[in-house]
Amino acid sequence: MPCASPKAGFPRGSAALKVLLVLVLLFPVACARAGAVSPKKLFLSAEQAERTLMKSRKQKGQRDQWLSVIEKYKKVYAVAPDGPWAAAGLFKAAEMYEGLAGMSRKSQDAAEAADLYQRVVLRFPESAYAPRAKRAVKRLGPASQAQQAPAAKPPPDDGGAPVISSLKARSKDPAAPESDEVSSVIARAMAQEPPPACPAEPPPAAVRPEPGAPVTVSGIRFWTSPSYTRVVIDATGEAPFSSHLLKEDPENKMPPRLFLDICGAKLSKDTDSTVPIQDDLLSRVRAGQNTSDTVRVVMDIKSMESYKVFSLKNPFRIVVDVRGDKGGSAKAAAPAAAAQPQPENGKMQAGALARQLALSVSTVVVDAGHGGKDPGALGYQKGVKEKDVTLSLAKRVAKLLQKETGVKVILTRDKDRYLTLEERTAIANTKGADLFISIHANAHPRRSVQGIETYFLNLATDEESIRTAALENATSRKSISDLQGILQDLLQNAKVDESSRLAREVQTNLCQTVSQRFGVENKGVKQAPFYVLLGAQMPAVLVETGFISNQEECKRLTSSAYQDHVAEGIVAGVAEYVKALSPPVAALSGGGG
């Protein structure tokens, strides 16, 4: 339908008026659709770019020309990961990488092709492209397989570990006795687990190594609660990896196991090989040099409902989220009637609203962005750092939120200390938080840019969102693009709709509150793949409270008056969101119809 206004002089009459009304209602929808680029158009555009490349001998000899076409095909998948053109986009990108490998003779290009073909097999098994992709994986052969070597035997358990633990260097006593029983069990476990597939069967999160020195697996960290455990495997660089789930082996008295093979990697000599976790989900994590160039990390499972594996960059680390059954949580069994407010003379008592809010939300985690060695964005004014602004804001939000609603508020940090991005979400998950709010201050190369915006986790929809995510993730736009390709898998259990509603309430109330005294640009609610929100089990948002790179907003962000207004706005947004979840006041009064 053309995006033009209906002609004047349209015939009168009830039928004609109905037609006119339909045209008016459909007019903005048709215009919006006309402005969007469909996956089909993107695919056809990529095909044209490929034909142009193949016709030019000069362009065919230029690597960047191949990569440009590959990115066009990958974009077809990125804009609609579940659409009918997604498999075609990935398959063609894989074909282009295979063609590039034939020209460049680089094993890395062949590995990229194998990875993309395997994504087609895993994500689109019913697609017509899946059989062709399987044949391509076999055809690539050495690019997607590794030789098996004898399993290495890790040492036995070495005692207890704190809730937040790190598998780092510890002194080793060569004279210390070793338990034959424990070591034999571990040896059998490592021997009975299948050989590594590097990267014959990489998950969608698989990544490729950077050229240079071999990757070293340098440590393992974990956070735990009765229904959630996050394990993070640290490495000195990017490496391909694959994950596998093994069922219980009663004959050999082996529990169910989840293990990862990290290829092209060495286990640091300063890293212990076993760490006990002993929570409700995992008993321990074991790491060993399974082959000469493969590190295997094994998690012995007690109980598990689901798990997710993904990687983050700068520095590279692999994150494993293991989830259990929430059905028996204390929160679910808590008697709500005791907290219900009662009316007095037909009106709610003072503080009744706060108690009403607590029925739906009892714990909120407020995250002050950056900290410690990570200063965040630097302000327009000399000496102003994002980490200081966010800490001050987070403390105000926490204090006011607790005062106004009575909910329990937990700060991820209450002083200038460094936290990794994955640790912040892990804190929220292990504390059983109902909401997660990460507070930040934005920055832009153009110092005239200003305004407030609130984000929730999703695929980025515009270049500015990608830029902001890259800034907060401390990574590149290329890394954000790579993450977009795997984010769809991570979003399956994410609270996307709830997070979107929370973001809208926070953004609306924050801008309204701040505008009462300060002029502010409402940049709206946006979505992007922020590391700090990945894996959150509750509605989660990231609030950019202003541009610290802007002269006027930098001055505001350091003032107590502005910070108070920001805190009031965020709390008002949370209250509005929670009220929509809470039972109506009339229902709480006990009155009948």
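Being a predicted model, the structure only gives us computed values, none of them experimental.

A.B. asks: Please explain the overall build of the protein as it appears in this structure.
C.D. replies: Counting secondary structure elements, the protein contains 18 helices and 19 strands. Taking all 593 residues of the protein together, the buried fraction comes to 51%. Summarising the internal contacts of the protein: among those between residues at least 6 apart in sequence, 74% fall at separations of at least 24.

A.B. asks: Sorry, what's going on with the pairing of strand β14 (residues 363–368) here?
C.D. replies: For β14, a buried count of six out of six residues is recorded, marking the element as mostly surrounded by other parts of the structure. Burial of the side chains of β14 extends over both faces: T363, V365 and D367 are buried on one face and V364, V366 and A368 on the other. The pairing of β14 with strand β15 (residues 408–411) spans four bridges and is parallel. The residue bridging V364 from the neighbouring strand is V409, located in β15. In this fold, the crossover linking β14 to β15 by way of helix α11 (residues 386–405) has right-handed handedness. Two strands pair when backbone bridges link them, and β14 and strand β16 (residues 435–442) are joined in this way by five bridges, in the parallel orientation. By the bridge assignment for β16, V364 is matched with L435.

A.B. asks: Got a minute to help me understand helix α4 (residues 63–79) in this structure?
C.D. replies: Since there are 3.6 residues in each turn of an α-helix, residues three or four apart along the chain are aligned in direction. Taking 1.5 Å per residue, 17 residues should reach 24 Å; α4 reaches 25 Å between its end C-alpha atoms and fits that length. When α4 is considered as a whole, its buried residues turn out to be W66, V69, I70, Y73, K74, V76 and Y77.

A.B. asks: Explanation requested: the pattern of salt bridges in the structure shown.
C.D. replies: Should the charged atoms of two oppositely charged side chains come close, the side chains can pair. Within the structure shown, the criterion is met by 23 salt bridges. Note that R230 is salt-bridged to D321, the shortest N-O span being 2.7 Å. With R230 in strand β3 (residues 228–235) and D321 in strand β11 (residues 317–323), this residue pair connects regions lying 91 residues apart in the sequence. Take R230 and D321: they sit in the same class, and that class is buried. In this structure, K523 and E521 form a salt bridge, with 3.9 Å as the shortest nitrogen-oxygen distance. Note on E521: relative accessible area 40%, which makes it partly exposed. Three or more residues joined by partner-sharing salt bridges are found here, namely E50, K92, E95 and R132.

A.B. asks: What is the right way to read helix α2 (residues 39–55) from this model?
C.D. replies: With 17 residues, α2 ought to run about 24 Å at 1.5 Å a step, and its terminal C-alpha atoms sit 24 Å apart, in line with that. For α2, the full list of buried residues reads L42, F43, A46, A49, E50 and L53. Projected down its long axis, α2 carries its buried residues within an arc of 120°, all on one side. Facing away from the buried side of α2 by over 90 degrees, the exposed positions are K41 and K55. Where α2 is buried, its residues meet α3 (57–60), α4 and α5 (86–104).

A.B. asks: I tried to follow the packing of helix α6 (residues 107–123) against helix α7 (residues 129–140) on my own but got confused; where do I start?
C.D. replies: Geometrically, a packed helix pair is captured by the angle between its two axes and the distance between the axes. Look at α6 against α7: their axes get within 8 Å of each other, and the N-to-C directions meet at 150°. Classed by the angle they form, the pair α6 and α7 counts as roughly antiparallel. Note that α6 runs across α7; the crossing there is left-handed. Note on element contacts: α7 touches α6 through Y129, A130, A133, K134, A136, V137, R139 and L140, opposite A110, A113, A114, Y117, Q118, V120 and V121. Of the residues belonging to the contact of α6 with α7, the class tally is twelve nonpolar, one polar and two charged.

A.B. asks: What's the story with the sheet that holds β16 in this structure? I'm lost.
C.D. replies: The strands that make up a sheet pair up through hydrogen bonds in the backbone, lying either parallel or antiparallel. Across the sheet, which stays open at both edges, the six strands sit in the order β15-β14-β16-β19-β17-β18 with mixed pairing between neighbours. Strands with a single pairing partner mark the edges of an open sheet, and in this sheet they are β15 and β18 (522–528). Within the sheet, the average angular offset between the axes of one strand and its neighbour, ignoring direction, is 20°. Against the sheet, α11 touches β14, β15, β16 and β19 (540–547), its axis set at about 145° to β16. Docked against the sheet, helix α15 (residues 496–515) engages β16, β17 (452–457), β18 and β19, running at close to 170° with respect to β17.

Rules and cut-offs
Residues numbered from 1 in each chain as written. Predicted model: local features only at pLDDT ≥ 70, side-chain atom pairs only at ≥ 80, totals over all residues. Heavy atoms only, no water. Helix = DSSP H or I, 4+ residues; strand = E, 2+ residues; numbered from the N terminus. Buried < 20%, exposed > 50% of the residue type's maximum accessible area, 1.4 Å probe, protein only. Contact = heavy atoms within 4.5 Å. Pairing = 2+ DSSP bridges. Right-handed = clockwise from strand over helix to strand, strands pointing away. Expected span 1.5 Å × (residues − 1). Salt bridge = Lys/Arg side-chain N within 4 Å of Asp/Glu carboxyl O. Arc of directions from axis to C-beta. Axes fitted to C-alpha atoms, helices over the stretch in contact; angles between N-to-C directions. Parallel < 35°, antiparallel > 145°, perpendicular 65-115°, else oblique. Left-handed = near helix turned anticlockwise from the far one by under 90°. Nonpolar A, V, L, I, M, F, W, Y, C, P; charged D, E, K, R; others polar.

In short, the description is geometric, and any link to function would need to be established separately.
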